[in-house]
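The chain contents come next:
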Amino acid sequence: MNGSPSVFLALREITKQFGDFSALDDVNLQISEGEFFTLVGPSGSGKTTLIRILVGMESPTSGEIHLKGNTINDLPANKRPTCMVFQNLALFPHKTVGQNVEFAMKIAGVDSQTRQKRALELLELLRLPLDFYDKNINQCSGGERQRIALARALAFDPEILFFDEPLSALDFRLRKTLEKELKDIHRETGKTFVYITHSLEEAMVMSDRIGILNEGKLIQIGSPDDIYNRPKNKFVAQFMGEVNTIAVDRIGQSRVRDSKTGGEFDLDSQAQEIDSGFLIIRPEVMKIGRSAQFMPNRIEGVLFNDYALGSRIQYQVRSADGENHWLIERLQDDPFSGNAGDSVVIGWRPEDSILVDQ
Amino acid sequence: MKIVARWIRQPGFLTALPVGIFLLIGFAGPLVLVLLYSFMPPKTFTLGQVPTIENYISVVTQSYYISFGWSLALAVVTVFLLILITYPVAYGMAKIFGKWATLITILIALPLLISENIRLFGWVLLLLKNGIIDGSLQYLFGLSLSGMLYTVPAIVLGMVYVYLPFMLFPLVIGISMVPESLKEAARDLGASRFQIFREVELPLSMPGILIGSLLVFILTLGSLAESKILGGQAIVMIADDIESAFTFAQNWPKGSVLSVILITISLIIIYFLFRKIDLDRVVGRR
Amino acid sequence: MQSSRQGKVVRALIVVWTGAILIFLYLPMLSVVMASFTKQRYFQFPVKMWDTRWYEKAFESLSVRDLFWTSFSIATLVTVISVVMAFFGALAFARYDWKGRKLYQRLILLPIFFPQAVLGLALLLWFSSLGVTTSWHTAVFSHLIWILPIVTLIMSIQVYSFDPVWEEAAYDLGASRLQVLREITLPILSPGIVSGAIFAFLLSWGNFPLSLFTTGADQTIPEWLYSKMVSGYTPMVPTLGSLTIGGAAGIVILSFVILNFYRKLRGRR
């Protein structure tokens, strides 16, 4: 569903300074028509500034924004053919659901019959009951309000629809449902969606491509698969969640040494050409057992504790001196079982580890 | 220069300008003028004279302490009476009445929109010889209570009546800020109803009591209508003295000195008042 | 059990006490209204003869018409000016975060807590020093010193609950600055603006201490009432008093009805 691969929205060397603080530093990005692109970053990474620049609420200190080949830098927000779903949704409290959805059309001078017809179509598209049309905004639930906000933005018929973390205030289950719904609506409307969030997990579910932003810099752009399996550096790898990180120095074509303990490990043959960096091993690819020799790379330690995670169980293993600790996740029916204080061996296959830069 | 330019360009500063400039001209200006006049020789009507502190000396040596004394005494009495009278009502509004509290708030605030004079005149009718109270007593029991009007208690009654909302509303805010869970914790620890009141509710609602007291205090201190309408010639309060100095006696510098003293007392109290409140929280809570 | 019964007694006492306070607050006004319907030249209770002739006289009297007109002109001008200025004042008070805001919030409220009689005299001094002849025009100025801060405060309550992101959203959906003001800002803030206007009008209408020193040769209803109360009582005092009470009650009730109607309209569509 990626549509045509032609460049639709392009950002060239976007920089934003607030006094001495540089919120965005030389951001370059190209988004294709019909794409679902997500910008992910921790708070303070500059993602909100970037999206505000894209919708026209702020202007960049330098750099250019092109939409369909035209520079739109000087176009104010109300003249740009794009619109945004705000973090707190910004639904107008003094207007009904219908009036909210019709707002952009009313501004554009569309007659009331056409407006109402379109608003009802959108309510239907968003799986909202049609009698919501006359409902007071304040009587709607969190999930309903999300859908109304999306309907209001779609009624504007934007070239690009921006989302500023609209799901962040919802509870876990509703968020999961709406993530999928949003992806379905993206498919049904074929519009270009640009979404920002601090949750890489959320981005993985919905996006065609993901851009990772940290301290005003775009660190990596790629498909969810790229980001997950080929993180460019330690920041991206750790952003995904809990991972085991070991500082290592390269000592051969496919061999590294733990810079703290001196232990040596085999590398994947595809590993990046880095002299010293970090070895990333996800908890779910780690194995745990009582005896050695079952894995090429292994570390001996003491079982510290175990945590049930529903379908899986997570173990924390510490080195004998307590200086280092590792996380291992196994399925509940894994043959291993142990008690705190037991001596254990943990290990992984070279192809399950990733060598990354600082 | 650059900092000044940036400061001026803040939208907040720009929107503050109309009201700010107006009050600078209409409020700060007259007050500075009063301060300047207080240093002019007695009975002069221009500012070009040689400054003197003669007026201050004459005010201190003359018998103005009597009217100041009455004003301060009545202010203190009014404050104490109002705390006692309004605390139960405030407690009810904060904790008991629920949705009725809004209606009661409106009912208590509405009289503020009627001229003080008219409301005080109502008391004249009630307290008058052969008035509503006296007349009823005569009619029903043959008793007579004719000497109620034009007395000090009548003035106090008028002040309590006029300034009641100004004590009540801060108290309601103060009491509603006492978390219910604290009272439950105290009850859980074995405190009696009275102990909970004395050890938890009263100290925690103290900010509200203090704000209400200071507010009522400055308002009564500068009040004029109550003593004139309900007090007749019973006593002279400081605002009366200021008025006659400016009008009958045509002694602007002396009136200014008395005003400066009253204003100073008021400003000191307002200063403490404002240190106690975070306006964003008090006004913005909803 | 013991403590909950005790609680019930305390609750009942508080309810009774609150009722008594409400009667205390409204009793004087009821007395004025009652007195306005008596026939005698001097008020006596119990009332022996009821009459409405003082109302007829009030409506016929030219001087009453003058008084009414002066009070009305002052209150109307004060309302219009204070609503416009306080709208901006409230934005500075509650919406924008700017350097100097905390100080502004405090300074702007000073006049509210200031002894009004002293303020009136200081303004009298100010006007005569500037060579301005006092009349009902100067009274408008004086009333504003006290009423403008109050209206600013009342509107601020509404502004605090206004989220600027609503304006951004409307702007993003294509509305011009003017359309944002008309479609979003003014409608959402309108309850605050309306209550501010009502307060401005009624507070100006009823003000006595500021009018007393700054109206010059003109006279407002509260001033006239005061002068007649202190010397030269006439039965017209309770009559005009009642008319004022009735008028204020009418305005308040009417505005409640309008606000309620507006809220319902908003609720439905």
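It should be emphasised that the depicted structure is a prediction, and the values quoted were computed from it without experimental measurement.

Peer 1: Can you lay out the overall build of chain C for me, pointing to particular residues and giving the numbers?
Peer 2: Of the regular secondary structure elements, chain C holds 11 helices and zero strands. If you list the helices and strands of chain C from N to C, you get α-α-α-α-α-α-α-α-α-α-α. Whereas a compact globule of 269 residues would reach a radius of gyration of roughly 18 Å, chain C reaches 23 Å, over 25% beyond that. A total of 269 residues make up chain C; the buried ones form 55% of that total. Contacts in chain C between residues far apart in sequence, at least 24 positions, make up 70% of those at least 6 positions apart.

Peer 1: So what about the overall build of chain A? Which residues, and what values?
Peer 2: When helices and strands are counted, chain A shows eight helices and 20 strands. On the principal axes, the C-alpha backbone points of chain A span a range of 75 × 45 × 40 Å. Looking at the 358 residues of chain A, the share that counts as buried comes to 52%. Counting every atom, chain A has about 16,400 Å² of accessible surface; 45% of that belongs to carbon and sulfur. One finds the centroid of the 41 positive side-chain charges in chain A at a distance of 4 Å from the centroid of its 51 negative side-chain charges.

Peer 1: Please set out the sheet that holds strand 15 (residues 287-289) of chain A residue by residue, giving values where relevant.
Peer 2: Residue and element names in this part refer to chain A. Judged by pairing direction, the sheet is antiparallel, and its five strands sit side by side in the order 15-19-16-17-18 without closing on themselves. Two strands in the sheet have a free side with no partner beyond their single neighbour: strand 15 and strand 18 (325-331). Here the strands of the sheet are splayed against their neighbours by 45° on average, with no regard to which way each runs.

Peer 1: Can you tell me about the interface of chain A and chain C, naming the residues and giving the values?
Peer 2: You'll often see interface size given as the accessible area lost when the parts meet. Facing 29 residues of chain A, the contacting portion of chain C comprises 21 residues. Summed over both sides, the interface between chain A and chain C buries roughly 2,300 Å², with carbon and sulfur atoms accounting for 59% of that surface. Interface area lost by chain A to chain C is led by A:N78, A:H94 and A:I107, which between them contribute 27%. When the shortest N-O distance is used, the salt bridge between A:R52 and C:E168 registers 2.7 Å. If you list the elements that add at least two residues to the side of chain A that touches chain C, you get helix 1 (47-55), strand 6 (82-85), helix 2 (97-107) and helix 4 (142-155) of chain A. With five residues, the single largest contributor to the side of chain A that touches chain C is helix 2 of chain A.

Peer 1: Lay out the domain arrangement of chain A with the relevant residues and their values.
Peer 2: Residue and element names in this part refer to chain A. When its domains are assigned, chain A resolves into domain 1 (7-234) and domain 2 (242-356). Taking only C-alpha atoms into account, the centre of domain 1 sits 39 Å from that of domain 2. Taken together, the contact pairs six residues of domain 1 with seven residues of domain 2. Summed over both partners, the interface of domain 1 with domain 2 comes to about 550 Å²; 58% of that surface belongs to carbon and sulfur atoms. Where domain 1 meets domain 2, there are zero salt bridges. Here domain 1 and domain 2 share two residue pairs in polar contact (both at pLDDT 80 or more) between them.

Peer 1: Which residues make up unusual backbone geometry, and what values do they have?
Peer 2: All names here are of chain A. A positive phi angle, near 50°, is found at K68, a position not held by glycine. Note that K68 resides in the loop between strand 4 (62-67) and strand 5 (70-71). The phi dihedral of R127 falls on the positive side, at around 60°, and the residue is not glycine. With respect to the helices and strands, the residue R127 is situated in the loop between helix 3 (112-125) and helix 4. R127 gets classed as partly exposed once you look at its relative accessible area, which sits at 43%.

Peer 1: Account for the environment of C:H137, with residues named and values stated.
Peer 2: Along the chain, the position of C:H137 falls in helix 6 (residues 136-160). Distance in space between the C-alpha atoms of C:H137 and C:A94 is 31 Å, their sequence separation being 43 residues.

Peer 1: How would you summarise the confidence of the model for chain C if you had to cite specific residues and measurements?
Peer 2: Mean pLDDT for chain C: 87, with 97% of residues reaching 70 or above. Across the predicted assembly, pTM comes out at 0.81 and ipTM at 0.84.

Peer 1: Explain the pairing of strand 19 (residues 343-348) of chain A to me, and be specific about the residues and the numbers.
Peer 2: Residues and elements named next belong to chain A. Across the six residues that make up strand 19, a large majority, five, are buried. Here strand 15 runs beside strand 19; their pairing, made up of three bridges, is antiparallel. In the sheet register, K287 faces strand 19, and the bridge partner there is G347. In the sheet, strand 16 (residues 297-309) pairs with strand 19 via six bridges, with the strands oriented antiparallel. Its bridge partner being in strand 19, N297 is matched across the sheet by W348.

Peer 1: Pulling in residues and values, what's your account of the sheet that holds strand 1 (residues 7-18) of chain A?
Peer 2: All names here are of chain A. Sheet architecture is open: four strands sit in the order 2-1-4-5, paired in antiparallel fashion. Each edge of the open sheet is held by one strand with a lone partner, namely strand 2 (21-32) and strand 5. Seen against the sheet, helix 1 touches strand 1, strand 2 and strand 4 and runs at an angle of roughly 120° to strand 1.

Peer 1: Outline the packing of helix 2 (residues 11-37) of chain B against helix 14 (residues 252-276) of chain B, supporting the account with residue identities and numerical values.
Peer 2: A pair of packed helices can be characterised by two numbers: the angle between their axes and the separation between those axes. Residue and element names in this part refer to chain B. At a closest axis distance of 7 Å, the pairing of helix 2 and helix 14 adopts a crossing angle of 120°. Relative to helix 14, the element helix 2 lies oblique. The hand of the helix 2/helix 14 crossing is left-handed. Here L31, V34, L35 and Y37 of helix 2 come into contact with helix 14, specifically with W252, P253, S256, S259, V260 and I263. Of the residues that constitute the contact of helix 2 with helix 14, the class distribution is eight nonpolar, two polar and no charged.

Peer 1: An account of empty space enclosed by the protein is needed here, citing residue identities and associated values.
Peer 2: Residue and element names in this part refer to chain A. Within the structure shown, the criterion is met by three cavities of 30 Å³ or more. Its boundaries defined by the atoms lining it, the largest cavity holds a volume of some 120 Å³. Taken together, V85, L126, Q146, R147, L150, F163, P166, L167, L178, E181, L182 and I185 form the lining of the largest cavity. Ranked by residue count, the leading element in the lining of the largest cavity is helix 5 (residues 172-189), at four residues. Partitioning the lining of the largest cavity into residue classes produces nine nonpolar, one polar and two charged.

Peer 1: An account of the pairing of strand 4 of chain A is requested, with residue identities and associated values reported.
Peer 2: All names here are of chain A. With five bridges connecting them, strand 1 and strand 4 associate as antiparallel partners. Bridge pairing in strand 4 links R12 to E64. Two elements, strand 4 and strand 5, share two bridges in a ladder whose sense is antiparallel. Bridge pairing in strand 5 places H66 opposite T71.

Peer 1: Lay out the packing of helix 6 (residues 116-127) of chain B against helix 10 (residues 221-230) of chain C in plain terms, naming residues and giving numbers.
Peer 2: Here helix 6 of chain B crosses helix 10 of chain C at 30°, and the two axes come no closer than 9 Å. The angle between the axes of helix 6 of chain B and helix 10 of chain C places the two elements in the roughly parallel class. Along its contact with helix 6 of chain B, which presents B:N117, B:I118 and B:F121, the element helix 10 of chain C presents C:P222, C:L225, C:Y226 and C:M229. In terms of residue class, the contact of helix 6 of chain B with helix 10 of chain C is built from six nonpolar, one polar and no charged.

Peer 1: An account of a nonpolar patch on the surface is requested, with residue identities and associated values reported.
Peer 2: Residue and element names in this part refer to chain B. On the surface, a nonpolar cluster with roughly 680 Å² of combined accessible area is contributed by V4, W7, I8, L14, L17, I21, L24 and I25. Looking at the nonpolar patch, the elements that each hand over two or more residues are helix 1 (2-8) and helix 2. Of the residues forming the nonpolar patch, the biggest block, five residues, is contributed by helix 2.

Reading the values: the criteria
Residues numbered from 1 in each chain as written. Chains lettered and ligands numbered in written order. Predicted model: local features only at pLDDT ≥ 70, side-chain atom pairs only at ≥ 80, totals over all residues. Heavy atoms only, no water. Helix = DSSP H or I, 4+ residues; strand = E, 2+ residues; numbered from the N terminus. Rg over C-alpha atoms; globule rule 2.2 N^0.38 Å. Buried < 20%, exposed > 50% of the residue type's maximum accessible area, 1.4 Å probe, protein only. Contact = heavy atoms within 4.5 Å. Areas by Shrake-Rupley, 256 points an atom, 1.4 Å probe, with all protein chains shown as cover. Lys, Arg positive; Asp, Glu negative; His and termini not counted. Charge placed at Lys NZ, Arg CZ, Asp CG, Glu CD. Pairing = 2+ DSSP bridges. Axes fitted to C-alpha atoms, helices over the stretch in contact; angles between N-to-C directions. Buried area = accessible area lost by both parts, 1.4 Å probe. Salt bridge = Lys/Arg side-chain N within 4 Å of Asp/Glu carboxyl O. Domains from an automatic or database assignment. Polar contact = N/O pair within 3.5 Å; in protein donor to acceptor, adjacent residues only side chain to side chain. pLDDT = per-residue confidence, 0-100. Parallel < 35°, antiparallel > 145°, perpendicular 65-115°, else oblique. Left-handed = near helix turned anticlockwise from the far one by under 90°. Nonpolar A, V, L, I, M, F, W, Y, C, P; charged D, E, K, R; others polar. 1 Å grid on protein atoms, 1.4 Å probe; cavity = no way out; pocket = protein on both sides within 12 Å on 5 of 7 lines; lining within 4 Å. Points joined across faces, edges and corners; volume = space filled by probe spheres on them. Patch = residues over 30% accessible without salt bridge, like charges linked within 9 Å, V, L, I, M, F, W, Y side chains within 5 Å.

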